[in-house]
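Structural overview for review
What follows is the residue order along each chain.
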Amino acid sequence: MKPVDEHLADILGAIRELPPLELALPESYGGVLVEPVTAPVDLPPFDNSAMDGYAVLAADVAAATETSPVTLSVVGDIAAGDQGAYGIATGLCARIMTGAPLPGGADAIVPVEWTDGGTAKVTIRRSAAPGHYIRRAGEDVTAGQTVLPAGTRLGPAQIGMLAAVGRARALVRPRPRVAVLSTGSELVEPGRPVGPGQIWDSNSFALTAAVTEAGGVGFRQGTVGDDPRQVLATIEDQLAYADLIITSGGVSMGARDVVKEVLSGVGTMRFEKVAMRPGKPQGFGLLDDRVPVFTLPGNPVSAYVSFQVFVRPALRALQGLPPAPPRTVRARLTAPITSPAGLRHYLRAAVSLDEGEYTVTPAGAQGSHQVFALASSNALIVVPEDVTERAAGDPVDVLELS
C-alpha cells in the first residue's frame with residue numbers, strides 16, 4: 001500500500017497555482033493576495049477628533065473641575081467631512097464631531113459628556129491634557145507602509161484595509177471553484193422517500209460544506225447513478241468551470257465501482273490503496289491536463305477524512321498557500337486506543353482545552369459508515385503506522401476539525 005505522505009506529495013506535486021485575477025473588493029473575499037499592498041497616504045490622513053465634543057486649548061481648561069468649571073465661547077461647528085479652514089485662540093473653542101478635522105490652534109478634545117452641551121458658550125467641568133481624544137495623522141498607518149503582505153487571505157478586516165487605503169480592486173488568486181458529486185444508484189436526495197436498499201446522500205452535502213470551510217467555493221451536483229456514460233458525462237461537464245472536482249463512491253474493488261471504471265487511463269488518473277484507515281481506496285489525477293480530480297471512498301467518514309488529509313492541502317496549494325492540514329495539537333488521551341499495524345489511523349474524537357492542556361476522548365463508534373460519531377466529534381486522533389496501541393494518559397497528535 002502507498003504511504004499517506006507519499007500520496008499527498010504526489011498530489012501536491014501535480015497542483016498548479018490558480019492564475020491571479022483582479023477582482024472588485026466584494027468579489028475578492030477569500031482570495032489570496034498576489035502582491036503586497038502599501039498605503040499611498042497616512043492613515044488617518046489628518047489630525048481629527050476621536051469623540052463628539054469641543055476642540056479646545058488644553059491650557060484653557062487645565063483648571064476646570066466639577067465645582068469650578070470653565071466657560072468658553074463657541075466659534076463654530078465642525079462636522080466630519082468638513083473641508084473648511086478653522087482655527088481657535090485662547091478663550092475660544094469649536095464644537096466638533098467624531099472624525100472631523102482638528103482646527104488650527106486646538107490641542108485637545110473635551111467630550112460633550114464633560115460639558116453642558118452649549119452652542120454659543122459652553123461650560124466645561126473637567127480638564128483635558130494636550131492630545132486628549134485626538135487621532136493624529138499617521139497614527140494607524142504611515143504613507144508607504146505595507147498594510148497587507150503577499151499571501152494574505154482576504155477576510156472582512158483585510159478587505160476593509162484595502163478600502164481604507166483607497167483600493168477598489170485586488171489582485172488575488174481566487175477561491176477555487178470545486179464541483180462535488182456522489183455516485184451510486186442506492187443514493188436518494190434528502191427530502192425524498194427512500195425505498196428498500198436505498199439511503200439518503202450525505203457525502204456531497206458534507207464535502208461541499210467542507211470545501212467552503214476550507215476556503216473554496218463548492219458547487220454540489222445532484223447524485224449520479226451507476227451508468228458509466230452518465231458518470232463520465234457528468235464529470236466532463238464540470239471541466240468547463242471547475243478548478244477541482246471531488247467524487248465520492250465507486251473507487252474500490254467492487255463489480256460496480258463505476259468511477260474507477262470510467263476514469264481509469266483518462267488523463268493522469270491513478271487508483272491506489274493508501275495505507276490509512278478510514279480511506280484506503282483513493283484516486284487522483286488531472287483531467288484536461290489542468291483540473292485535479294479526487295475520487296474519494298463512498299463511506300461518509302472515509303470521504304470526510306480523505307478530504308481533510310488530501311483535498312484541503314490541495315485547495316490551499318491552488319491559492320499559493322502552504323498546503324497545511326487542519327491545525328495539529330498535542331493532547332493526552334482520556335481512554336486507551338488500539339490501531340492496526342501498518343496503517344495511519346484517524347480516530348474520531350472530542351478534544352478540549354483545560355487549564356492550558358489539551359485532552360482528547362475517542363468516540364465510541366469508529367466504523368467508516370457511522371456519521372453520528374463524526375457529527376459528535378471535533379477532532380481526529382492521528383495514530384502512526386508503527387503504533388498499535390496507546391494507553392490513557394499518553395500524548396497523541398490531534399487534528400482539530402473546528
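Now for a quick tour of the structure.

What counts, and where the lines are drawn
Residues numbered from 1 in each chain as written. Predicted model: local features only at pLDDT ≥ 70, side-chain atom pairs only at ≥ 80, totals over all residues. Heavy atoms only, no water. Pairing = 2+ DSSP bridges. Helix = DSSP H or I, 4+ residues; strand = E, 2+ residues; numbered from the N terminus. Buried < 20%, exposed > 50% of the residue type's maximum accessible area, 1.4 Å probe, protein only. Arc of directions from axis to C-beta. Polar contact = N/O pair within 3.5 Å; in protein donor to acceptor, adjacent residues only side chain to side chain. Core = buried A, V, L, I, M, F, W, Y, C linked by side-chain atoms within 4.5 Å. Contact = heavy atoms within 4.5 Å. Salt bridge = Lys/Arg side-chain N within 4 Å of Asp/Glu carboxyl O.

Okay, the sheet that holds strand β2 (residues 32-33) next. Pairing in this open sheet of 3 strands is antiparallel, and the strands run β1-β12-β2 from one edge to the other. What marks the edges here is a single partner per strand, and that holds for β1 (21-24) and β2.

With that settled, the discussion passes to helix α4 (residues 228-238). Those residues of α4 lying buried are Val-231, Thr-234, Ile-235 and Gln-238. With its buried residues spanning 95 degrees around the axis, α4 presents them on a single face. Exposed side chains of α4 directed beyond 90 degrees from the buried face belong to Arg-229 and Asp-237. Where α4 begins, one side-chain oxygen reaches toward the backbone nitrogen of Arg-229, 3.0 Å away; that side chain belongs to Asp-227.

Within the largest apolar cluster, 37 residues are counted, with the highest numbers of intra-cluster contacts made by Ile-246, Phe-294, Phe-307, Phe-310 and Tyr-346. Those elements that place two or more of their residues in this core are α1 (4-14), β13 (177-182), α3 (203-213), β17 (244-248), β20 (281-287), β21 (291-296), α6 (300-318) and β26 (379-383). Ignoring any residue separated from it by four or fewer positions in sequence, one finds Phe-310 in contact with Val-4, His-7, Leu-8, Ile-11, Val-274, Met-276, Gln-282 and Phe-294. Counting residues in hydrophobic clusters, the runner-up holds 18 residues, among them Val-224, Ala-242, Val-258 and Val-291.

Once that is clear, we can look at the pattern of salt bridges. Note that side chains of opposite charge can pair when their charged atoms are close. Throughout the structure, instances matching the rule amount to 18 salt bridges. A salt bridge links Arg-220 to Asp-201; its shortest N-O distance comes to 3.4 Å. Highlighted residues: Arg-220 in strand β16 (residues 217-220) and Asp-201 in the loop between β15 (199-200) and α3, separated in sequence by 19 residues. On the basis of relative accessibility, which here comes to 26%, the residue Arg-220 falls in the partly exposed class. Judged by its relative accessible area of 3%, Asp-201 falls in the buried class. Salt bridges sharing partners connect three or more residues here, namely Lys-2, Asp-10, Arg-270 and Glu-272.

Interpretation note: all reported values are geometric properties and have no functional meaning in isolation.
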